[in-house]
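# Reading the structure
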Amino acid sequence: MPSKPKVPGLIKGLGVTMSTMFRTLKDGANTVQYPHEKETPPTRARGVIALHEDNCTACMLCSRSCPDWCIYIEGHKQLAPPRRAGGKPRQVNHLDRFDIDYALCMYCGICVDVCPFDALFWSPEYEYSEPRIADLLHDKTKLGEWMETVPEAPELEVGAQKK
Amino acid sequence: MTVLNERQQLSYIAAQAADARLNVELETEGMTLNIGPQHPATHGTLRIIARLDGEQVVWAEPVAGYMHRGYEKLTEVRTFPQVTALINRIDWLGSFANEVPFILAAEQLMEIEAPPRAQYIRTILFELSRIANVSLFLGDLGVQMGAITPVFMAFRDREYVLNLIEGATGGRFHPNFDRIGGLKDDLPKGWIAETKQVMKKLRTFCDEIEDLLFGNEIFQSRTRGVGIIPADVAKSYGMTGANLRASGVDWDLRRDQKNAMVWDQADFKVWTHPDGDSWARCWIRLQETREATKIVDQLIDNIPAGPVMTKVPRIIKVPAGEAWVSTENPLGEMGYYVVSKGDLGPFRVKIRSASFNNISITPWVLKGVYVPDIITILASLYFILGDIDR
Amino acid sequence: MGLVDRGRMPAPLTKLFNMGRSYSMWVYQWGLACCAIEMGAAFGSPRYDVMRLGVIPLPASPRQADLVVVSGTVTDKMAPAVKRLYEQMPEPKYVISMGSCANCGGPYWDSYSVTKGVDQIIPVDVYVPGCPPRPEALLEGIVLLQQRIKNEDMAAKWRNEEFTTLQKTAALEKAKSQPAPEPIVVGGGPIE
């Protein structure tokens, strides 16, 4: 059988309400007034993937390791002018299409990890809802625009070893 | 029998019929009550069919499968890093805890071990995900009994823990931070100091909840002595975790099992309760949250310096073999039986999730209880739908 | 509201009605999977507090709700229940699809038991990306939906047409009311 508490639960609950009210008056509310003020997510937050197009060589590693197959890449080989005067023209991969389907993406970060040329970055932005599902397919210009929001990588904690 | 005239006969028949009708009205008749698949009290899409006699449950059965996503089949066509990203979503409240047993099994097959720094950080994140999981349970518990305030408190303080997890791993819910052979990255600067502050806040939250909810008369009278599960029944149904410890069985894999995690470096108490009723199950979870904050506090000062990743090949191929690793997850024992044939991905993965076994006792424990108690018993058993159906 | 059905409402009154609808949306508590917890954080947590936006997360019955957030994986076994719950909601009703699973299957795109997107069974107004989306992302989706409702042409919605803004309808009607320009005839007369 329940033991009879010294203070009735009703009074206790009102006490909690009172103390929370005083704390709110003193320290300010816990609420972030969303459309007017926005809290900044941590720098590592996985919000949206940004593409640095110059670094991409259309190697398809990200597309192949994606668990959802939500990255679409098309490219072709073309000849670029030689680096040194008198050298042979180089063969480079040119990126024609780089789309990420954010309706399908599972935000695991494998593509960013496997990219050997540092072309993909995580940005903590999260505001890109769409009324049409087709608009969630971001093409390479839109992915390039996200590059502005990519933060610097944070410093590491004491005792960490640089890779 | 005296001979009645026609009018008397008619009135006699009418009286008989009225009696019969009254009998029919007073007679109770079995009723089938369907709870779910969409019901606020089943936190998710569990369906429970209960046959009632008046207010009492005669027979009850859970219908699982409304959240079945075919995990074991999906793992067969994915590589090991992809499986790690996917299995976060089994128990979505304590996601990091899902990754650890799978990674440990893969490491066991590859015969490598994560460096000590990675093991410490893993254990800390494991306990943080336990706190994130169980603190929501403590808030949700009040809602099932008509008290709304605890859920606001739980969400307020849970946000701090989620911020920690996101600051270190990048994902609020699905970290995908574990890699075979260590961790993806090291902790960001200032994380340790922040964690210590948050742990203080969470201990205050536990005290508040204990005072406000567990000391409440209504809560006590609705949970004490309700849904009692004796130890032998709990064991025979394969229950694990806090539900088993609430029945008085002293069994915790964190303490009883040796693996590449550093729980043995921390000093913590495994709480048990002899009663086995709903109140005991809730109380055990409250104590476990407290213990988890203590474990984090003890481990976080002793993180050794060094790398967080051992040397592993860039493309991971796990050698052929079989491994079974289980850990004490927030909901109970969770284990993975990984069969590898030396390919990029596992050949077969059997997932043992805690909630599936915990929920299988509902036909036994719901027999004979009253209808309002169904909700409290289900709330105290604490299951997560993704963990039941996978 | 016969006037609303026929689209005969004066424009200022329509705007007033639309504003009223957009700031008093009752959202049905409907949790499916992981996203339900983030939805709970957006609706129940003091940090996000969706009631500031005029969205009231109280009804536990679809019959009192205007908005439903499909939060999480819809499996083939759950799909009939989803459809039935949606049909119980009174018109006008709105749907937000939250997270990759509800958008188009997400991580379970090759699973045998998952419906690849809730828009296969019910119409969706706003898609919120994320796995799961942050609570603020859901709030952004709600703000986007409110902006859409403010400019919505209700007559088109009652006629079961696709989303039309008030401005578009006004432009169409203006074009209709003006006499059609004389066709420019090139060459000779009609071909016999």
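For the structure itself, look to the data block above.
Note that the coordinates shown come from a computational prediction; the quantities given were computed from them, not determined experimentally.

## Quick word on the overall build of chain B
- The number of helices and strands found in chain B is 16 helices and eight strands.
- The dimensions of chain B, computed from C-alpha atoms along their principal axes, are 110 × 50 × 35 Å.
- When the 390 residues of chain B are sorted by exposure, 61% land in the buried category.
- When contacts within chain B are restricted to residue pairs at least 6 apart in sequence, long-range pairs at least 24 apart make up 72% of them.
- Only carbon and sulfur atoms are counted for the fraction: they give 54% of the accessible area of chain B, which is about 14,700 Å².

## Side note on the sheet that holds strand E1 (residues 25-28) of chain C
All names here are of chain C.
- Pairing in this open sheet of five strands is parallel, and the strands run E2-E1-E3-E4-E5 from one edge to the other. Each edge of the sheet is formed by a strand with only one pairing partner; in this case those strands are strand E2 (55-56) and strand E5 (126-128).
- Of the strand pairs in this sheet, E1 and E2 are connected by two bridges, and their pairing is parallel. Bridging across to E2, Met-25 finds its partner in Val-55.
- Relative to the sheet, helix H3 (residues 34-44) contacts E1, strand E3 (67-71) and strand E4 (94-98), its axis offset from that of E3 by approximately 140 degrees.

## Some remarks on the packing of aromatic side chains
- The tally for this structure, following the rule as stated, stands at 13 aromatic pairs over all chains.
- Arranged with centres 5.4 Å apart and planes meeting at 65 degrees, the rings of A:Tyr102 and A:Tyr128 form a pair that is edge-to-face. One end of the pair, A:Tyr102, is in the loop between strand E3 (90-101) and helix H3 (110-114); the other, A:Tyr128, is in the loop between strand E4 (120-123) and strand E5 (137-138), with 26 residues separating them in the sequence.
- Ring centres 6.1 Å apart and planes at 70 degrees place the aromatic pair B:Phe214 and B:Trp279 in the edge-to-face group. Highlighted residues: B:Phe214 in helix H7 (residues 191-214) and B:Trp279 in helix H12 (residues 278-300), separated in sequence by 65 residues.
- Note on B:Phe214: relative accessible area 3%, which makes it buried.

## A short note on unusual backbone geometry
- The step from C:Cys131 to C:Pro132 runs through a cis peptide bond, and the omega angle for that step is -15 degrees.
- Relative to the assigned elements, C:Pro132 resides in the loop between E5 and helix H6 (135-150).
- Its identity is not glycine, yet A:Met60 carries a phi of approximately 70 degrees, on the positive side.
- Tracing the chain through its elements places A:Met60 in the loop between strand E1 (48-51) and helix H2 (61-65).
- By relative accessible area, A:Met60 is classed as partly exposed at 32%.

## Points about the sheet that holds strand E1 (residues 31-35) of chain B
Residue and element names in this part refer to chain B.
- Here three strands make up an open sheet; going across it, the order is E1-E2-E3 and the pairing antiparallel. What marks the edges here is a single partner per strand, and that holds for E1 and strand E3 (56-63). Neighbouring strand axes in the sheet, compared pairwise and without regard to direction, differ in orientation by 20 degrees on average.
- In the sheet, strand E2 (residues 47-53) pairs with E3 via seven bridges, with the strands oriented antiparallel.

## Digging into the interface of chain A and chain B
- If you look at the interface, chain A gives 35 residues, while chain B gives 43 residues.
- Overall, the association of chain A and chain B removes approximately 3,000 Å² of surface from exposure, summing both partners, and the carbon and sulfur fraction of that is 47%.
- Contact with chain B buries surface across chain A, with A:Arg44, A:Arg46 and A:Glu157 losing the most and accounting together for 23% of the total.
- The tally of links from chain A across to chain B stands at three salt bridges.
- One salt bridge in this structure joins B:Asp185 and A:Arg44, with 3.5 Å as the shortest N-O distance.
- Applying the counting rule to chain A against chain B returns 12 residue pairs in polar contact (both at pLDDT 80 or more).
- Secondary structure elements with two or more residues in the side of chain A that touches chain B: helix H1 (9-27), H2 and H3 of chain A.
- Ranked by residues supplied to the side of chain A that touches chain B, first place goes to H1(A) with five residues.
- Across the side of chain A that touches chain B, the residue classes tally to 18 nonpolar, seven polar and 10 charged.

## Thoughts on the nonpolar core
- Ranked by internal contacts, the top residues of the largest apolar core, which has 188 residues, are A:Phe98, B:Leu128 and B:Phe214.
- It is helix H5 (residues 116-144) of chain B that contributes the most residues to this core, 14 residues altogether.
- With sequence-adjacent residues up to four places away left out, A:Phe98 is seen in contact with A:Leu51, A:Cys56, A:Cys62, A:Ile71, A:Tyr72, A:Ile73, A:Leu120, A:His138, A:Asp139, A:Lys140 and A:Leu143.
- A:Tyr34, C:Cys35, C:Phe43 and C:Ile96 belong to the second-largest nonpolar core, a separate cluster that totals 27 residues.

## Observations concerning the side chain of B:Thr75
Residues and elements named next belong to chain B.
- Within the secondary structure, Thr-75 sits in the loop between helix H2 (71-74) and helix H3 (80-86).
- Looking at Thr-75, its side chain comes within polar contact range of the main-chain oxygen of Glu-72, at 2.8 Å.
- In this view, Thr-75 contacts Val-83, Pro-346 and Val-349; residues no more than four positions away in its chain are not counted.

## Focus on the interface of chain C and chain B
- Facing 35 residues of chain C, the contacting portion of chain B comprises 33 residues.
- Counting the surface lost from both chain C and chain B, the interface buries some 2,800 Å², and carbon and sulfur atoms represent 61% of this.
- It is C:Ile37, C:Lys77 and C:Tyr108 that lose the most area in chain C upon contact with chain B, and together they represent 20% of the buried surface on that side.
- Along the contact surface separating chain C from chain B lie four salt bridges.

## Notes on the side chain of B:Ser95
Residues and elements named next belong to chain B.
- Within the secondary structure layout, Ser-95 lies in helix H4 (residues 95-110).
- Looking at Ser-95, the relative accessible area reads 2%, which means it is buried.
- In this structure, Ser-95 is in contact with Asn-88, Ser-129, Phe-173, His-174 and Pro-175, ignoring residues within four places of it in sequence.

## A word on the pattern of salt bridges
- All chains considered together, the criterion is met by 43 salt bridges over all chains.
- Here C:Arg47 and B:Glu159 are joined by a salt bridge, their closest N and O atoms 3.7 Å apart. Placement of the pair is C:Arg47 in the loop between H3 and E2 and B:Glu159 in helix H6 (residues 149-169), with the two residues belonging to separate chains.
- B:Glu159 gets classed as buried once you look at its relative accessible area, which sits at 1%.

## What about the state of the cysteines?
- Across all of its chains, the model carries zero disulfides over all chains by this definition.
- Residue B:Cys206 stays outside any disulfide, its sulfur separated by 14 Å from that of B:Cys282, the closest cysteine.
- Counting only cysteine sulfurs, A:Cys70 is the nearest neighbor of C:Cys104, a cysteine outside any disulfide, at a range of 9.1 Å.

## Some points on H3(C)
- In terms of burial, H3(C) is a largely internal element, 11 of the 11 residues being buried.
- Buried within H3(C) are the following residues: C:Cys34, C:Cys35, C:Ala36, C:Ile37, C:Glu38, C:Met39, C:Gly40, C:Ala41, C:Ala42, C:Phe43 and C:Gly44.

About the cut-offs
- Residues numbered from 1 in each chain as written.
- Chains lettered and ligands numbered in written order.
- Predicted model: local features only at pLDDT ≥ 70, side-chain atom pairs only at ≥ 80, totals over all residues.
- Heavy atoms only, no water.
- Helix = DSSP H or I, 4+ residues; strand = E, 2+ residues; numbered from the N terminus.
- Buried < 20%, exposed > 50% of the residue type's maximum accessible area, 1.4 Å probe, protein only.
- Contact = heavy atoms within 4.5 Å.
- Areas by Shrake-Rupley, 256 points an atom, 1.4 Å probe, with all protein chains shown as cover.
- Pairing = 2+ DSSP bridges.
- Axes fitted to C-alpha atoms, helices over the stretch in contact; angles between N-to-C directions.
- Phe/Tyr/Trp six-rings, centres within 6.5 Å; stacked < 30°, edge-to-face > 60°.
- Buried area = accessible area lost by both parts, 1.4 Å probe.
- Salt bridge = Lys/Arg side-chain N within 4 Å of Asp/Glu carboxyl O.
- Polar contact = N/O pair within 3.5 Å; in protein donor to acceptor, adjacent residues only side chain to side chain.
- Nonpolar A, V, L, I, M, F, W, Y, C, P; charged D, E, K, R; others polar.
- Core = buried A, V, L, I, M, F, W, Y, C linked by side-chain atoms within 4.5 Å.
- Disulfide = S-S within 2.5 Å.

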